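For reference, the chains in residue letters:
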Amino acid sequence: AMPPEDALIVRATSARRELDLGRDVHALLGLVFDRIDLAGTTEHIQRCVAARRPCFLSTPNVNFVAAAAHERDFRGSVLRSDLSVADGFPIVLAARWMGIGLPGRVAGADLFERLQVAGRSAQQPPIKLFLFGGPPGVGAEAAAQLNAQAQGFECVGHDEGGFGDIEAMSSEATIARINASSAEFVLVALGAKKGQAWIERNRARLHAPVISHLGAVINFAAQSIERAPAWMQRTGLEWVWRIVQEPQLWRRYWSDGRMLIGTLLACLLPWSARRWL
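Rules and cut-offs
- Residues numbered from 1 in each chain as written.
- Predicted model: local features only at pLDDT ≥ 70, side-chain atom pairs only at ≥ 80, totals over all residues.
- Heavy atoms only, no water.
- Pairing = 2+ DSSP bridges.
- Helix = DSSP H or I, 4+ residues; strand = E, 2+ residues; numbered from the N terminus.
- Contact = heavy atoms within 4.5 Å.
- Axes fitted to C-alpha atoms, helices over the stretch in contact; angles between N-to-C directions.
- Core = buried A, V, L, I, M, F, W, Y, C linked by side-chain atoms within 4.5 Å.
- Buried < 20%, exposed > 50% of the residue type's maximum accessible area, 1.4 Å probe, protein only.
- Parallel < 35°, antiparallel > 145°, perpendicular 65-115°, else oblique.
- Left-handed = near helix turned anticlockwise from the far one by under 90°.
- Phe/Tyr/Trp six-rings, centres within 6.5 Å; stacked < 30°, edge-to-face > 60°.
- Polar contact = N/O pair within 3.5 Å; in protein donor to acceptor, adjacent residues only side chain to side chain.
- Salt bridge = Lys/Arg side-chain N within 4 Å of Asp/Glu carboxyl O.
- Disulfide = S-S within 2.5 Å.
- Patch = residues over 30% accessible without salt bridge, like charges linked within 9 Å, V, L, I, M, F, W, Y side chains within 5 Å.
- Areas by Shrake-Rupley, 256 points an atom, 1.4 Å probe, with all protein chains shown as cover.

Draft legend 1. Seen up close, the sheet that holds strand β7 (residues 185-189). Taken in spatial order, the 6 strands make up an open sheet running β4-β3-β8-β7-β5-β6, and their pairing is parallel. The open sheet has two edge strands with one neighbour each: β4 (83-84) and β6 (153-159). For β7 and strand β8 (residues 210-213), the ladder comprises 4 bridges, and the chain directions are parallel. The partner of Leu187 across the bridge, within β8, is Ser212. Its contacts with the sheet place helix α6 (residues 108-116) against β3 (55-58), β5 (127-133), β6 and β7, and it is angled at close to 125° to β6. Where helix α7 (residues 138-149) meets the sheet, it contacts β5 and β6, and its direction lies at approximately 165° from that of β6.

Draft legend 2. Structural context of the nonpolar core. With 35 residues, the main nonpolar core has Ile45, Phe112, Leu129, Leu131, Phe185 and Leu187 as its most contacted residues. Elements with a minimum of two residues in this core: α2 (38-51), β3, α6, β5, α7, β6, β7 and α10 (217-222). Of the residues forming this core, the biggest block, 5 residues, is contributed by α10. Of all hydrophobic cores here, the second largest spans 25 residues; its members include Phe74, Val78, Met98 and Leu268.

Draft legend 3. Looking closely at the packing of α2 against α6. Closest axis-to-axis distance for the α2/α6 pair is 10 Å, and the angle between their directions is 60°. As summarised for this structure, α2 and α6 are arranged oblique, according to the angle between their axes. As α2 packs across α6, the resulting crossing turns out to be right-handed. Facing α2, whose interface residues are Leu38, Ala39, Thr41, Thr42, Ile45 and Gln46, α6 presents Asp110, Leu111, Arg114 and Leu115.

Draft legend 4. Here's a closer look at the pairing of strand β1 (residues 25-28). Where β1 lies against strand β2 (residues 31-34), 4 bridges are found, and the strand directions are antiparallel. The partner of Ala27 across the bridge, within β2, is Val32. Connecting β1 to the next strand, β2, in antiparallel fashion are 2 residues, including Leu29 with a positive phi near 55°.

Draft legend 5. Expanded view of the packing of aromatic side chains. Counting across every chain of the model gives 4 aromatic pairs. A centroid spacing of 6.3 Å and a plane angle of 80° characterise the contact between Phe153 and Phe185, whose relative ring orientation is edge-to-face. Within this pair, whereas Phe153 is found in strand β6, its partner Phe185 is found in strand β7, the two being separated by 32 residues in sequence. Residue Phe153 is classed as buried on the basis of its relative accessible area, which comes to 1%. Three or more aromatic residues joined by ring pairs make a cluster, and in this case those are Phe112, Phe153 and Phe185.

Draft legend 6. Quick peek at the side chain of Ser170. Residue position: Ser170 is located in the loop between β6 and α8 (172-180). Side-chain polar atoms of Ser170 contact the side chain of Asn202, separated by 2.9 Å.

Draft legend 7. A look at the side chain of His26. Assignment of secondary structure puts His26 in strand β1. Ignoring sequence-local partners within four residues, the contact set of His26 consists of Leu31, Val32, Phe33, Arg35, Ile100, Gly101 and Leu102.

Draft legend 8. Region of interest: the pattern of salt bridges. Scanning the model with the defined rule gives 9 salt bridges in all. In this structure, Arg205 and Glu172 form a salt bridge, with 3.2 Å as the shortest nitrogen-oxygen distance. Pair noted here: Arg205 is in the loop between α9 (192-202) and β8 and Glu172 is in helix α8, with a separation of 33 residues, a long-range link. Judged by relative accessible area, which is 63%, Glu172 ranks as exposed.

Draft legend 9. Main features of the state of the cysteines. In total, this model carries 0 disulfides according to the counting rule given. Residue Cys48 stays outside any disulfide, its sulfur separated by 4.4 Å from that of Cys55, the closest cysteine. Relative accessible area serves as the criterion here: at 1%, Cys55 is assigned to the buried category.

Draft legend 10. Summary view of a nonpolar patch on the surface. Residues Trp231, Leu237, Trp239, Val240 and Val244 make up a contiguous nonpolar surface patch of roughly 480 Å² in combined accessible area. The element contributing the most residues to the nonpolar patch is helix α12 (residues 238-245), with 3 residues. Inspection of the secondary structure puts Val244 in helix α12. Judged by its relative accessible area of 60%, Val244 is exposed.

Draft legend 11. Unusual backbone geometry, seen in detail. Positive phi outside glycine occurs at Arg52, with the angle close to 55°. Following the sequence through the fold, Arg52 ends up in the loop between α2 and β3. Overall, Arg52 belongs to the partly exposed group, its relative accessible area being 44%. The phi torsion at Ser182 lies on the positive side, around 65°, for a residue other than glycine.

Scope: geometric values only; no functional claims are made or implied.
Structure representation (structure tokens):
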């Protein structure tokens, strides 16, 4: 039987089998999250690359939760991931409120940095990385910056993807170009909804074992956007820094914040009251 907290939060569907993942996961806010920390996620990705074991990594934050609440296909893309980690600080707080044992936040940017500084050795050669998406020119600059540092990644190609629909971005020529690069990790940056949909459309066609939509990571790698100071990351204020860097994001954060507050009041608060009473 589904635990009480999951029954209250997860939107029950006839596809209950989707939640029988064979992994140590928690259901929260309509999605699933693996009980794994940053170090464990880093090691998992490295093992998947070394063994060429497929891994579709999702990094849900509040924006993912908001989109998943209204779009079944998007929610399904997270449920069908091979690994789903809590990127958003509010998600970690909600888990703690409910007594769910998530080890902590696993931000996509932190994971990328861990893999980047992993170093090169005979046992751990650089991960061959392909960048797909991002603003014009950012992929090329990110590739140049990563290769100049000569650490845990070797960027073997980049493609801006263009501004077409998923089908237009999934041509045989595009997939063949990515596969010909011998990439081991395909980093997608098309926006969460489009990125997850592109991965679902093409994951079986791609030879790279690891694939993930990591959003702003490509901008951080290109140094076109500066990441928030460490103290803001630790205190959950990174979103403030992002708005300063990219003012247009305030609408998305405002909409996502309203959704999260509504969910807390409608679901988590009543559940907490029943729990304590």
